[in-house]
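# Coordinates in review
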Amino acid sequence: MSMIEFSEVSFSYPNETKALQDINLFIDKGEFVFITGSTGSGKSTLLKLLYRENLPQKGEIYINNHDITEIPRYKIPFLRRKLGVIFQDFKLLDYKSVGENVSFALEVTGHPLDKIPERVDMVLEVVGMKDKKDRLPEEISGGEKQLTSIARAIIHNPQILIADEPTGNLDPTTAENIIGALDYINSRGTTVIVATHNETLVKKFMKRVIALEEGKIVSDKGQAHKIPELVD
Ligand SMILES: Nc1ncnc2c1ncn2[C@@H]1O[C@H](COP(=O)(O)OP(=O)(O)OP(=O)(O)O)[C@@H](O)[C@H]1O
Ligand SMILES: [Mg+2]
């Protein structure tokens, strides 16, 4: 079974917008996948299903063989520890420095406190933000805020990294650096899923591309991915 599997998943918002319809999807461990499609096609909704921000009305979603649509509310934090999520608007705490924003994400999970500074330095090094560790968010650029939010998302070593439009509002070079950082993290074994409508970047990085239109998958191309094994 694939690491992530959507089976006949449909989701509607309370206003009856059918945001996703009959989604079937397999993503293997270690893949890098772009989710593309125009505004309103369902990209963010799809990602929200993965971290249980949305619960589908129909279908099953498996992560590591567990149907995450079945897990009780109190277990959602355990699911989220397997995931790292990067938001377009960063969601950094403005009264904490770059380093504190990143370490805070580990402190709240009960990680051994004495091990935290070393780990913070390591992930800030990965995203190239170590020299700006003591700056406040207002003292860094938009691209640097996004790099900080990537560091925060990987601090707990998640199996899956989810990014929703991580390059919105960034200039082309910075945007490329952001995807480059995600590509590097992917090369170290993390499965990466990126929702974007930045066609130029999608072309440049030559990864698997899943395209959505009006809540449906209309194409799935690029990097070879295994066809699920048939079980009889
Ligand atoms: N909270 C909500 N309540 C009601 N409808 C919503 C909500 N969020 C999104 N929608 C609707 O669901 C559909 C899918 O939205 P979604 O946010 O997943 O699109 P998207 O592909 O991420 O778009 P964008 O590229 O603009 O971020 C759209 O029709 C949108 O209007
Ligand atoms: Mg969106």
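In this text, all values refer to a predicted model and were calculated from it rather than measured experimentally. (Residues numbered from 1 in each chain as written. Chains lettered and ligands numbered in written order. Predicted model: local features only at pLDDT ≥ 70, side-chain atom pairs only at ≥ 80, totals over all residues.)

### Topic: the site of ligand 1
Neighbouring ligand 1 are 13 residues, the closest being Tyr13, Thr39, Lys43, Ser44 and Thr45. Looking at which element gives the most residues to the shell around ligand 1, the answer is helix H1 (residues 43-50), with 3 residues. (Near = placed C-beta within 6 Å. Helix = DSSP H or I, 4+ residues; strand = E, 2+ residues; numbered from the N terminus.)

### As for the sheet that holds strand S7 (residues 160-164)
Pairing is mixed in the open sheet, where 6 strands are placed in the order S6-S7-S8-S3-S9-S10. Lying at the two open borders of the sheet, with one neighbouring strand each, are strand S6 (83-86) and strand S10 (216-221). Averaged over all neighbouring strand pairs, the angle between strand axes comes to 15°, with direction disregarded. Here 4 bridges tie strand S3 (residues 32-36) to strand S8 (residues 191-195), and the two strands are oriented parallel to one another. By the bridge assignment, Val33 is partnered in S8 with Ile193. Together, S6 and S7 form the strand contacts of helix H5 (residues 142-154), whose direction differs from that of S6 by roughly 165°. Sheet strands touched by helix H6 (residues 172-187): S3, S7 and S8. Its angle to S8, the strand with the most contacts, is close to 155°. (Pairing = 2+ DSSP bridges. Axes fitted to C-alpha atoms, helices over the stretch in contact; angles between N-to-C directions. Contact = placed C-beta atoms within 7 Å.)

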